[in-house]
Amino acid sequence: MHLPAAPGDTQILDLIDAWIADLARGDYACAHTRTAHDAYYGWTPALLRAVIEGYGSPEPYADGSVYRVTPAALASGAPHERCVERPDGPDGGIVIAEVRHSLPLNGAWSDLTATFRVEGAASGATLVLQEIHVF
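Reading the values: the criteria
- As a convention, each chain's residues are numbered from 1 in the sequence order in which they are written.
- Whole-chain, interface and lining totals are the exception, using all residues; otherwise, since this is a predicted model, local features are given only for residues with pLDDT of at least 70 and side-chain atom pairs are given and counted only at 80 or more.
- Heavy atoms throughout the structure, all of them, feed into the side-chain values; hydrogens and water do not.
- Helix numbering and strand numbering both begin at the N terminus, where a helix is a DSSP run of H or I of at least 4 residues and a strand a DSSP run of E of at least 2.
- Take the number of residues in a helix, subtract one, and multiply by 1.5 Å to get its expected span.
- The rule is simple: take the accessible area with a 1.4 Å probe, protein chains only, and divide by the maximum for that residue type; under 20% is buried, over 50% is exposed, in between is partly exposed.
- What the arc measures is the spread of directions leading from the helix axis to the C-beta atoms.
- In short, DSSP must find at least two bridges between two strands for them to pair.
- Only Phe, Tyr and Trp rings take part, Trp by its six-membered ring, and two of them pair if their centres are within 6.5 Å. Stacked means planes under 30 degrees apart, edge-to-face means over 60, and tilted covers everything else.

Novice: Is there a simple way to think about helix H1 (residues 9-24) in this case?
Specialist: Every α-helix carries 3.6 residues per turn, so stepping three or four residues along brings you back to the same face. Its 16 residues place the ends of H1 22 Å apart at the C-alpha level, agreeing with the 22 Å of an ideal helix rising 1.5 Å per residue. Of all the positions in H1, only Ile12, Leu13, Leu15, Ile16, Trp19, Ile20, Asp22 and Leu23 are classed as buried. Seen along its axis, H1 keeps its buried residues to an arc of 165 degrees; they face one direction. Positive phi appears at Gly26, one or two residues downstream of H1, with a value of about 80 degrees.

And the structure:
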């Protein structure tokens with residue numbers, strides 16, 4: 001899904017909120033199509049599910065717990081991370097922002113964090129999922 005060529009922080013965070021809502025509904029396929037993906041990680045809907053259920057690892061959590069995304073409005077606490085950082089100085093590159101956003105899991109905001117980059121082009125910007133892990 002594309003953003004305007006020069007998206008504001010609110011536009012970027014709104015798109016991430018929609019991505020989290022997809023995950024909370026268990027619609028990993030829709031969440032997957034909402035972002036572009038860093039080729040290094042090889043994101044698929046199944047890998048998204050496995051990494052979230054394993055609290056940052058594609059393997060099951062050690063104590064057998066299974067983590068699921070909670071609707072943000074129903075999660076207790078506040079996100080540990082919800083920030084958009086812009087590069088300093090003249091923008092000579094394609095990356096116009098880096099974003100970190102915590103995920104609400106099993107009813108509470110967690111330290112499991114998704115990282116994104118926003119890549120700009122004349123036709124619009126793209127939100128790219130990079131990592132999902134504990135910082």
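Novice: How do you make sense of the pairing of strand E5 (residues 108-119) when you look at a structure like this?
Specialist: Each regular strand carries side chains that alternate between the two faces of the sheet. Across the 12 residues that make up E5, a large majority, 9, are buried. Between the antiparallel neighbours strand E4 (residues 95-105) and E5 lie 2 residues, among them Asn106 with a positive phi of about 50 degrees. A loop of 5 residues connects E5 with strand E6 (residues 125-134), the two strands running antiparallel in sequence, and Gly124 in this loop sits at a positive phi of about 140 degrees.

Novice: Please explain the packing of aromatic side chains as it appears in this structure.
Specialist: Describing an aromatic ring pair means giving the distance of the ring centres and the angle of the ring planes. Overall, the coordinates contain 6 aromatic pairs when judged by the stated rule. Relative to Tyr41, the ring of Tyr40 lies with its centre 4.9 Å away and its plane at 85 degrees, an arrangement referred to as edge-to-face. A residue is classified by how much of its surface remains accessible, and Tyr41, at 29% relative accessible area, is partly exposed. Linked through ring pairs, Tyr40, Tyr41 and Trp43 together constitute an aromatic cluster.

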